[in-house]
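Spelled out from the first residue to the last, the chains are:
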Amino acid sequence: MVEARVPLGRLYHESTKITWSGVPADQGVPRPVMPPPFREYAGPRVPLPPAVYQGLTLEEALRRRRSVRQYAPRPLTLAELGQLCFAAQGVTGQYRDRYLRTAPSAGALYPFELYPVVHRVEGLEPGVYHYNLQDHSLTVLDVGDFRQALWRAGLEQEVLAEAGVVFVLAAVVDRVRFKYGERGWRYVYMEAGHISQNIYLQATSLGLGSVAVGAFFDDEIHRLVGMDGQEETAIYLHAVGAL
Ligand SMILES: Cc1cc2nc3c(=O)[nH]c(=O)nc-3n(C[C@H](O)[C@H](O)[C@H](O)COP(=O)(O)O)c2cc1C
């Protein structure tokens, strides 16, 4: 009799359960070396206005948060973009050589890099940027109109072309695997949720609309941002626009 194949997701979940004798999926799998704690790209940096906005109370933002997929044509301001980057991955403290951030991270290892793909932001050329959390600035990675490429990469969801900015949340998974092994993937997915919720609440507080997007062709996003999809991989998108 042919045995039913265990679905891969179930297999992953079961074999990354913590037991007193370790995590089964780690057996025989070497740990990677620790990658650098954050990426720094060469090139000129665009400083972002400091995050100072005093908006809604947290309770009000929680009450009003909704996924919004239609936006007004008004561009976002640079201050709004700065505030959103800060909400996603801004530095709020330091522990030894680590920058502690607005979103929690297992073991304070911070696997995520934030890539704003700018469509309409005042004072910024449309293009692909990288957020430098140490000095709250952006590095330009590529200049151009990426609305159609992003729309296609996101299964033709209009919201990805209409947004003022689409954040690509990408993870350097080995930053977590080096300590937590194969269970580390779970932590990466959990952390994406933390970061995205911060963006949701910040957008709500700023009077902007936003939506998290999990449906996309991974490798098209990798090509668009310029990552290999192995060492660094796209996990989640988050679109934000004016209302
Ligand atoms: C993991 C995840 C993936 C999602 N992916 C998409 C998506 O690809 N496209 C989209 O329009 N909305 C997406 N959403 C938004 C949900 O559709 C939305 O949160 C849900 O309908 C509840 O509505 P609310 O956020 O307004 O409360 C996603 C939400 C989550 C949490």
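Here, the structure is the one placed above.
This structure is a prediction, so every number in the text was calculated from the model and none was measured. (Residues numbered from 1 in each chain as written. Predicted model: local features only at pLDDT ≥ 70, side-chain atom pairs only at ≥ 80, totals over all residues. Heavy atoms only, no water.)

Trainee: Before we go on, may I ask you to explain the packing of aromatic side chains in this structure?
Mentor: Geometrically, a pair of aromatic rings is defined through the distance of the ring centres and the angle of the planes. Per the counting criterion, the structure on display carries four aromatic pairs. Taken together, a centroid distance of 5.7 Å and an interplanar angle of 50° make the contact between phenylalanine 38 and tyrosine 99 tilted. A residue pair is termed long-range when its members are at least 10 positions apart, and phenylalanine 38 in the loop between helix 1 (8-15) and strand 1 (45-47) and tyrosine 99 in strand 3 (residues 98-101) qualify at 61 residues. Residue tyrosine 99 is classed as partly exposed on the basis of its relative accessible area, which comes to 22%. (Phe/Tyr/Trp six-rings, centres within 6.5 Å; stacked < 30°, edge-to-face > 60°. Helix = DSSP H or I, 4+ residues; strand = E, 2+ residues; numbered from the N terminus. Buried < 20%, exposed > 50% of the residue type's maximum accessible area, 1.4 Å probe, protein only.)

Trainee: Hey, could you run me through helix 8 (residues 218-225) in this one?
Mentor: When we look at burial in helix 8, the residues that qualify are Ile221, His222, Leu224 and Val225. Viewed end-on, helix 8 has its buried residues packed into an arc of 165°, placing them on one side of the element. Among the residues trailing helix 8, glycine 226 stands out with phi positive, at a value near 90°. (Arc of directions from axis to C-beta.)

Trainee: Explain the site of the ligand here, please?
Mentor: Arg65, Arg66, Ser67, Arg69, Gln157, Tyr200, Val211, Ala212, Val213, Gly214, Ala215 and Tyr236 make up every residue found near the ligand. Arginine 65 places a polar side-chain atom, nitrogen or oxygen, 2.8 Å from an oxygen atom of the ligand. In the environment of the ligand, an oxygen atom lies 2.6 Å from a nitrogen or oxygen atom belonging to the side chain of arginine 69. Burial of the ligand by the surrounding chains reaches 56%, relative to a free accessible area of 620 Å². Here the shell around the ligand is built from residues that sort into six nonpolar, three polar and three charged. (Near = heavy atom within 4 Å. Polar contact = N/O pair within 3.5 Å; in protein donor to acceptor, adjacent residues only side chain to side chain. Areas by Shrake-Rupley, 256 points an atom, 1.4 Å probe, with all protein chains shown as cover. Nonpolar A, V, L, I, M, F, W, Y, C, P; charged D, E, K, R; others polar.)

Trainee: Got a minute to help me understand the sheet that holds strand 9 (residues 233-241) in this structure?
Mentor: Taken in spatial order, the seven strands of this open sheet run 1-6-5-4-7-9-8, and their pairing is antiparallel. The open sheet has two edge strands with one neighbour each: strand 1 and strand 8 (209-213). Each strand axis lies, on average, 30° off the axis of its neighbour in the sheet, ignoring direction. Across the sheet, helix 3 (residues 78-89) touches strand 1, strand 4 (112-118), strand 5 (127-132), strand 6 (137-143), strand 7 (165-171) and strand 9, and the angle it forms with strand 4 is around 160°. (Pairing = 2+ DSSP bridges. Axes fitted to C-alpha atoms, helices over the stretch in contact; angles between N-to-C directions. Contact = heavy atoms within 4.5 Å.)

Trainee: Could you clarify how one ought to interpret the pairing of strand 3 in this entry?
Mentor: The side chains of a regular strand alternate between the sheet's two faces. Two strands pair when backbone bridges link them, and strand 2 (residues 91-95) and strand 3 are joined in this way by four bridges, in the antiparallel orientation. Counterpart to glycine 93 in the pairing with strand 3 is leucine 100. What sits between strand 2 and strand 3 in their antiparallel hairpin is a turn of two residues, with arginine 96 showing a positive phi close to 50°.

Trainee: Teacher, can you tell me more about the environment of alanine 203 here?
Mentor: By the secondary structure assignment, alanine 203 is in helix 7 (residues 184-205). Residues alanine 203 and glutamate 14, 189 residues apart in the sequence, show an inter-C-alpha distance of 36 Å. For alanine 203, the residues in contact, after removing those within four places along its chain, are Leu84, Leu208, Ser210 and Val240.

Trainee: Would you explain a nonpolar patch on the surface in this entry?
Mentor: On the surface, Val6, Leu8 and Leu11 cluster together into a nonpolar patch covering about 290 Å² of accessible area. Checked against the element boundaries, leucine 11 lands in helix 1. (Patch = residues over 30% accessible without salt bridge, like charges linked within 9 Å, V, L, I, M, F, W, Y side chains within 5 Å. Salt bridge = Lys/Arg side-chain N within 4 Å of Asp/Glu carboxyl O.)

Trainee: Explain the environment of glycine 164 here, please?
Mentor: Note that glycine 164 resides in the loop between helix 5 (159-162) and strand 7. Note on glycine 164: relative accessible area 4%, which makes it buried. For the pair glycine 164 and proline 116, spaced 48 residues apart in the sequence, the C-alpha separation amounts to 9.9 Å. When neighbours within four sequence positions are excluded, glycine 164 is seen to be in contact with Leu76, Val117, Val118, His119, Arg120, Val121, Val240 and Gly241.

Any functional reading would require information beyond the geometric quantities listed.
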